[in-house]
Amino acid sequence: MVTLKELSTQELFGPGHRMCTGCGPATMARITMKALQKPAIVVNATGCLEVASTIYPDTAWKVPWVHTLFENTAAVASGIEASLRKEGKADAVDIVAFGGDGGTFDIGLQALSGALERKHDFTYICYDNEAYMNTGIQRSGATPYGAATTTTPAGSKIPGKTDAKKDLIGICVAHGVEFAATASIAFWNDYITKVRRATAVKGPTVIHVLAPCPLGWRFETSQTIKLAKLAVQTRYFPLYEVENGNYKLSMKIPKPTPLEEFLKPQGRFRHLFAPQFAKDLEELKRQVESNWNRVARLCGEIPSQTPPSPSQPAG
Amino acid sequence: MTKTISQKIIGMNGDEAVAFAAKQAQVDVVAAYPITPQTIIVERFSDYVANGEVDTQYVCVESEHSALSACVGSSLAGSRVFTATSSQGLALMHEVLYLASGLRTPIVMAVANRALSAPINIHNDHSDMMGSRDCGWIQIYAENAQESYDWTLQAFRIAEDHKVSLPVTVNLDGFTISHAMEGVSVLEEDEVTRFLGRRTPMYKLDIAKPMTFGALTLPDYYSEFKQQQVEAMKNAPPVITSVANEFNRISGRQYSNLSGFNMSDADAAVVCMGSVAGTARTVATKLRKQGKRVGVLKVWQYRPFPTQEVARALSKVKSVGVIDRAVSFGAPYGALCSDIASTKVLTGIQTKIFNVICGLGGRDIKPADIEGIFERALRHAEGAPIDDPLTLLGVRP
Amino acid sequence: MSAEEEKPGWGSLPIGAVLLTPGAAERNKTGTWQLKRPMLDEKKCTNCLICWIYCPEPAIARGAKTIQFAYDYCKGCGICATECPTKAITMMEES
């Protein structure tokens, strides 16, 4: 448990950056830097956070920071960690890698897999705004069913993305990591606790944090945190952690808020409320429920005799 | 005049010689990924690691793209780093090559040159490195295992020099050099340590002094950083020469950007890179005995291209056959011949030029082939017109 | 001299586009982005710091008794007003 007053006032991710008004990933970066308890080296994938925070000659960062390419963040972090190990400085420094959902779920997955398998000591934080936002809102492996993006537009025939969201944490857990967790920027205490837990591990750890995007999700800029909260409260984005393969639910949500309250404020889901896509809205609801049940079952919250639903997408 | 230089001779193939040099250079981090015909480099190095002969962090990455990416990360963290690849691996790393030179990270990478797919072919030609020749790396071509060892050592000095700060590839012909054993003269460990010293990075990822690497530059700044790279390439040849002179003092072997054989009074010459130079010299020696005035110009330092030095070497040469070991599809000449032709345009030398592309996909370049090139060059030197400016040698119709 | 020519040239810029000044972005006053700006009713503020932790910039400074907006950086997103538990923050239109 952390109190806000005990957090440092030092802004290692400082103002003057060009992230959008109300940007979820910007808040994510700020909170992450406040959670860190050791000096950090940050490795950043190509994407919104990197581009908007380091437009030459400006940089919002007050820590050693490197951006190289889109898909190699975990490989670059591996190289830095090897250097620190050679110098005997690896324990004194936190290596934190930031990648968006595009740069992690899709193009960055190979490098992440390699780094996890080799057990480099670093924490990989995937900030998930559920699409390739920096290039203008294209669908990624993290985009949910039914969401409209520019490459999965909601037309008259097709209701946005027709594939489900990849289970990133499941993939990471399959690599035998000591700690992996989901988080939401709305639950700062839970997120900070998880970042601290992750960085304390001597080995690779992964956090998958939901960070809404006002421009890409098409909602009013003041609603970012509210939506990051609703995502959890509707069971759309379960908060849980996995420690050496043991799943634990961070927030139980016994009485979930109806999913519509999360969907309605977002332009990317507006089409689901048209009559012709009613069954797609039902499908999204079914997937959210099925995913929740999957996670809850893994966390031991519901008995495993409950038969699993036919298709089990994840989030 | 020369001091007694204490060197052991060890039977090693080109790959082993490169690994041995990297060991003596006491690299901090090696990123390893296998691909024929470079694999022996990383395998041999891993033996050194397993036997505690080096204090190197050895990272078995999951692809060549990650190999070079890890090297960039390590180099930015201040380490001396090394990796090796060939062919498809080099092609996969393509964007990372530009990243490394743009970020000005000293890295030494050995490339055991192998043909690019398709069709897949694991044998020697230069299409891999030529496919990335504009990437901003310094590119050296070794002729044999000895040169592979010698150039790998020098490469660390060249790359890490603050006036240069560019990554360097040492190219060695796949199988022909990489897998062929020679007696390689190696320096004493402490001689290498004195020669190379420790790396002192200009800028690095350091918690004591936070810096931002890899910022986005808009049109108002990008060009200035490219100009810096151009300047670094201009700074490289004098650094290469001074490192070579120092290396000569400790080894007795003198390197430079070019190597001329019987060039001073040659009417005709072959210009080439890599292992074929050896065959060319043997043929040239035979033709000289017949009274033919022929020479061989071997290019060591391909990038930056030593335009003025090439012009000086060819100033009295009437005709040259330029050997390229890769096709530049759709282009009037192969890569090396293109640079020779540009040299002619820029410096006004009158040498007649023709291009012979041969040795693709590991096809043997026989002495008779080279003799044919010399004979052609001699005919052109006497005034015969160049009907075939570009030939793919020995292709069955 | 044009604006382009006033910028530093290749000879004076650190190589490889490395940025040596941490937090140099602070010179970029993103407060010019505001369409609305937050106003604090100090009587209602309990100094809970919820607005401070969620601000994306940050454009909120902590004080002993209450918070202060850094209007130089505030982009006017309104997250602080939405999240404030005592409704102490109102978003006012720029006049």
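Being a predicted model, the structure only gives us computed values, none of them experimental. The residue count restarts for each chain, going from 1 along the sequence in the order it is written. Chain A is the first chain written and ligand 1 is the first ligand written, with later ones labelled in order. Since the coordinates come from a predicted model, pLDDT governs what is reported: local features require at least 70, and pairs of side-chain atoms require 80 or more to be given and counted, while whole-chain, interface and lining totals use all residues.

Quick question: what am I supposed to make of the overall build of chain B here?
The secondary structure content of chain B amounts to 13 helices and 16 strands. Computation of the radius of gyration draws on C-alpha atoms, with the globule rule given as 2.2 Å multiplied by the number of residues to the power 0.38. Against the 2.2 N^0.38 benchmark of 21 Å for 397 residues, chain B shows a C-alpha radius of gyration of 21 Å, consistent with a compact globule. The principal-axis extents of the C-alpha atoms in chain B amount to approximately 70 × 55 × 45 Å. Think of it this way: build a C-beta for each residue from its backbone, and any pair within 7 Å is a contact. Long-range pairs, those at least 24 residues apart, make up 81% of the contacts in chain B between residues at least 6 apart in sequence. Where helices and strands are cited, they refer to DSSP runs of H or I of at least four residues and of E of at least two residues respectively, numbered from the N terminus.

Looking at this structure, I do not really get the interface of chain C and chain A. What am I missing?
Buried accessible area, meaning the area lost when the parts come together, often serves as the stated size of an interface. Taken together, the contact pairs 30 residues of chain C with 30 residues of chain A. Residue assignment for the side of chain C that touches chain A shows that the elements contributing at least two residues are α2 (50–54) and α3 (79–83) of chain C. Ranked by residues supplied to the side of chain C that touches chain A, first place goes to α3 of chain C with 4 residues. Partitioned by chemical class, the residues of the side of chain C that touches chain A number 18 nonpolar, 6 polar and 6 charged. Gly is put with the polar residues, along with every residue not named as nonpolar or charged; the nonpolar set is Ala, Val, Leu, Ile, Met, Phe, Trp, Tyr, Cys and Pro, and the charged set is Asp, Glu, Lys and Arg.

How should I be thinking about the domain arrangement of chain B in this particular structure?
All names here are of chain B. Partitioning chain B into domains gives domain 1 (8–251) and domain 2 (258–392). An automatic or database domain assignment supplies the residue ranges for each domain. Measuring from the centre of the C-alpha atoms in domain 1 to the corresponding centre in domain 2 gives 28 Å. Counting residues at the interface gives 25 residues for domain 1 and 20 residues for domain 2. For the side of domain 1 that touches domain 2, the secondary-structure elements that each account for two or more residues are α6 (127–130), β6 (138–141), β7 (168–173) and α9 (222–251). Here the residues of the side of domain 1 that touches domain 2 are counted per class, giving 12 nonpolar, 9 polar and 4 charged.

Sorry, what's going on with the sheet that holds strand β10 (residues 258–261) of chain B here?
Within a beta sheet, neighbouring strands are joined by backbone hydrogen bonds and run either parallel or antiparallel to one another. Residue and element names in this part refer to chain B. Here we have 6 strands laid out as an open sheet, ordered β10-β12-β11-β14-β15-β16, and mixed in their pairing. What marks the edges here is a single partner per strand, and that holds for β10 and β16 (390–392). Ignoring strand direction, the axes of neighbouring strands in this sheet form an average angle of 20°. Relative to strand β15 (residues 352–357), strand β14 (residues 319–324) is paired through 6 bridges, and the arrangement is parallel. Across the sheet, residue Ser319 finds its bridge partner in β15, namely Lys352. What counts as an axis is a line fitted to C-alpha atoms, over the stretch in contact for a helix, and the angles between N-to-C directions run from 0 to 180 degrees. Running at roughly 5° to β10, helix α11 (residues 307–314) makes contact with β10, β12 (294–299) and β14 of the sheet. Two strands are counted as paired when DSSP detects at least two bridges linking them.

Looking at this structure, I do not really get the nonpolar core. What am I missing?
When a protein is soluble and globular, its nonpolar side chains tend to lie buried together. Residue and element names in this part refer to chain B. As used throughout, a nonpolar core is a set of buried Ala, Val, Leu, Ile, Met, Phe, Trp, Tyr and Cys residues joined through C-beta atoms within 7 Å of each other. Each residue is classed by its C-beta neighbour count within 10 Å, where at least 20 other C-beta atoms makes it buried, 12 or fewer makes it exposed, and intermediate counts make it partly exposed; the C-beta atoms are placed from backbone geometry. Grouped together as the largest cluster of nonpolar side chains are 262 residues, with contacts concentrated most on Val18, Ala269, Val270, Val271 and Val320. If you count residues domain by domain, this core takes at least three from each of domain 1 (8–251) and domain 2 (258–392). Ignoring sequence-local partners within four residues, the contact set of Val320 consists of Ala268, Ala269, Val270, Val271, Leu314, Ile340, Thr351, Ile353 and Ala377.

Help me understand helix α3 (residues 73–87) of chain A, please; the structure alone is not making it clear to me.
Given 3.6 residues to a turn, an α-helix orients residues that are three or four positions apart in the same direction. In this analysis, the expected span of each helix is defined as 1.5 Å times one less than the number of residues it contains. For α3 of chain A, spanning 15 residues, the distance from its first C-alpha to its last is 21 Å, which sits close to the expected 21 Å at 1.5 Å a residue. For α3 of chain A, the buried fraction is high: 13 of the 15 residues fall into the buried class.

Got a minute to help me understand the interface of chain A and chain B in this structure?
Taken together, the contacts link 34 residues of chain A with 36 residues of chain B. If you tally residues by element for the side of chain A that touches chain B, the top one is α3 of chain A, at 11 residues. Here 2 bridges tie strand β2 (residues 65–67) of chain A to strand β9 (residues 212–213) of chain B, and the two strands are oriented parallel to one another. From the neighbouring strand, Trp65 of chain A faces β9 of chain B, where its bridge partner is Thr212 of chain B.

How should the packing of helix α1 (residues 24–35) of chain A against helix α7 (residues 188–200) of chain A be read in this particular structure?
What describes two packed helices is the angle between their axes and the distance between those same axes. Residue and element names in this part refer to chain A. The N-to-C vectors of α1 and α7 enclose an angle of 50°; their axes lie 9 Å apart at closest approach. On the basis of their axis angle, the class for α1 and α7 is oblique. The chirality of how α1 crosses α7 is right-handed. Residues Ile31, Thr32, Lys34 and Ala35 of α1 pack against Trp188, Tyr191, Ile192, Val195 and Arg196 of α7. With respect to orientation, any angle under 35 degrees is reported as roughly parallel, any angle over 145 as roughly antiparallel, any angle of 65 to 115 as roughly perpendicular, and every other angle as oblique. Helix crossings fall into two classes, left-handed where the near helix is turned counterclockwise from the far one by less than a right angle and right-handed where it is turned clockwise.

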